[in-house]
Amino acid sequence: MAGQVEAAAVSIGLGIDTRITLVAAGLLFILALLLGVWKYQQVSASPDATAHVYVDIAHRATLLYSFAALLLAVFTELSAWATAVNLTADVVVLFFFVAAIAAYIYHGWRRDTTNQFHGQTDKLGTRISMGLLIVGEVGGFLVLFSGFLAGQF
């Protein structure tokens, strides 16, 4: 029986690009759960039963990004593009997910703002980084989605 289970697991044959993306999804989900513990700690210690806004944002965003990573994995597995193309697209999107989460955690830890864009002095740097985020996330997903369309239709 154990041999049949092992054979079934091997026969799935997910590509390395899909497997890496699934590992990222799992790690993001674990991080979301841990951020939920942090949020709960703040809620339970707060007189108004709330966590800092960026602790809340970090928790919620990480939950959403973990499921978004699962979506990336599905489109990756069904894409007609080469493994290197898919993996590059995945890594770009995941990089920006993690960068956003890191910023949320940073502001939640420091409790330094309730709006990370308010009062910024480097407007050009913000525009450039947000432009890169938009191009990276949307562009990366469009690569995977177009690969899915090419492979399935």
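Summary of the structure given here.

What counts and how
- Residues numbered from 1 in each chain as written.
- Predicted model: local features only at pLDDT ≥ 70, side-chain atom pairs only at ≥ 80, totals over all residues.
- Heavy atoms only, no water.
- Core = buried A, V, L, I, M, F, W, Y, C linked by side-chain atoms within 4.5 Å.
- Buried < 20%, exposed > 50% of the residue type's maximum accessible area, 1.4 Å probe, protein only.
- Contact = heavy atoms within 4.5 Å.
- Salt bridge = Lys/Arg side-chain N within 4 Å of Asp/Glu carboxyl O.
- Helix = DSSP H or I, 4+ residues; strand = E, 2+ residues; numbered from the N terminus.
- Phe/Tyr/Trp six-rings, centres within 6.5 Å; stacked < 30°, edge-to-face > 60°.
- Patch = residues over 30% accessible without salt bridge, like charges linked within 9 Å, V, L, I, M, F, W, Y side chains within 5 Å.
- Areas by Shrake-Rupley, 256 points an atom, 1.4 Å probe, with all protein chains shown as cover.
- Axes fitted to C-alpha atoms, helices over the stretch in contact; angles between N-to-C directions.
- Nonpolar A, V, L, I, M, F, W, Y, C, P; charged D, E, K, R; others polar.

Moving on: the nonpolar core. Among the nonpolar cores identified, the biggest contains 23 residues, and Leu28, Tyr65, Leu72, Leu94, Phe97 and Tyr104 are the most heavily contacted of them. Residue contacts for Leu28: discarding those within four places in its chain leaves Thr62, Tyr65, Ser66, Ala69, Leu94, Val98 and Ile101.

Our next topic: the pattern of salt bridges. If the charged atoms of two oppositely charged side chains come close together, the side chains can form a pair. Applying the stated rule across the entire model yields three salt bridges. Note that Arg60 and Asp56 form a salt bridge whose closest N and O atoms lie 3.0 Å from each other. A residue pair is termed a helical-turn pair when its members lie 3 or 4 positions apart in one helix, as Arg60 and Asp56 do in helix H3 (residues 53-77) at four residues. For Asp56, a relative accessible area of 19% gives the class buried. We note a salt bridge from Asp112 to Arg110, for which the minimum N-O separation is 3.6 Å. Owing to a relative accessible area of 35%, Asp112 belongs among the partly exposed residues under this scheme. Overall, Arg110 belongs to the partly exposed group, its relative accessible area being 47%. Within the structure, one salt-bridge network assembled from shared partners comprises Lys39, Asp56 and Arg60.

With that settled, the discussion passes to the packing of aromatic side chains. According to the stated counting rule, one finds 11 aromatic pairs in the structure shown. For the pair Phe29 and Phe67, a centre-to-centre distance of 5.9 Å together with 85 degrees between the ring planes defines the contact as edge-to-face. On the criterion of sequence distance, the pair formed by Phe29 in helix H2 (residues 16-45) and Phe67 in helix H3 is long-range, its members being 38 residues apart. Ring centres of Phe75 and Phe148 lie 5.1 Å apart, and the angle between their planes is 90 degrees; this geometry places the pair in the edge-to-face category. Placement of Phe75 in helix H3 and of Phe148 in helix H5 (residues 123-152) is noted, with a sequence separation of 73 residues between them. This pair shows no difference in class: Phe75 is buried, exactly as Phe148 is. Through a chain of ring-to-ring contacts, three or more aromatic side chains come together here, namely Phe75, Phe141, Phe145, Phe148 and Phe153.

Attention now goes to a nonpolar patch on the surface. Together, Leu22, Phe29, Leu33, Phe67 and Leu70 line one region of the surface with nonpolar side chains, adding up to about 430 Å² of accessible area. Contributing elements (two or more residues each) for the nonpolar patch: H2 and H3. In terms of residues, the nonpolar patch owes the most to one element, H2, which gives three residues.

Once that is clear, we can look at the packing of H3 against H5. Viewed as axis vectors pointing N to C, H3 and H5 meet at an angle of 35 degrees, and their least axial separation amounts to 8 Å. Counted together, Tyr65, Leu72, Phe75 and Thr76 of H3 and Glu137, Phe141, Leu144, Phe145 and Phe148 of H5 form the full contact between these two elements. Grouping the constituent residues of the contact of H3 with H5 by class yields seven nonpolar, one polar and one charged.

Okay, the side chain of Thr62 next. Summarising the element assignment, Thr62 is placed in helix H3. With sequence-adjacent residues up to four places away left out, Thr62 is seen in contact with Leu28, Leu31, Ala32, Leu35, Ile57 and Ile101.

This part takes up unusual backbone geometry. Positive phi, normally seen in glycine, also occurs at Ala49, with a value near 55 degrees. Within the secondary structure layout, Ala49 lies in the loop between H2 and H3. Here Ala49 falls in the partly exposed class, since its relative accessible area comes to 48%. Phi is positive for Arg111, which is not a glycine, with a value near 55 degrees. By secondary structure assignment, the location of Arg111 is in the loop between helix H4 (83-110) and H5.

Keep in mind that these numbers describe shape and distance, not what the molecule does.
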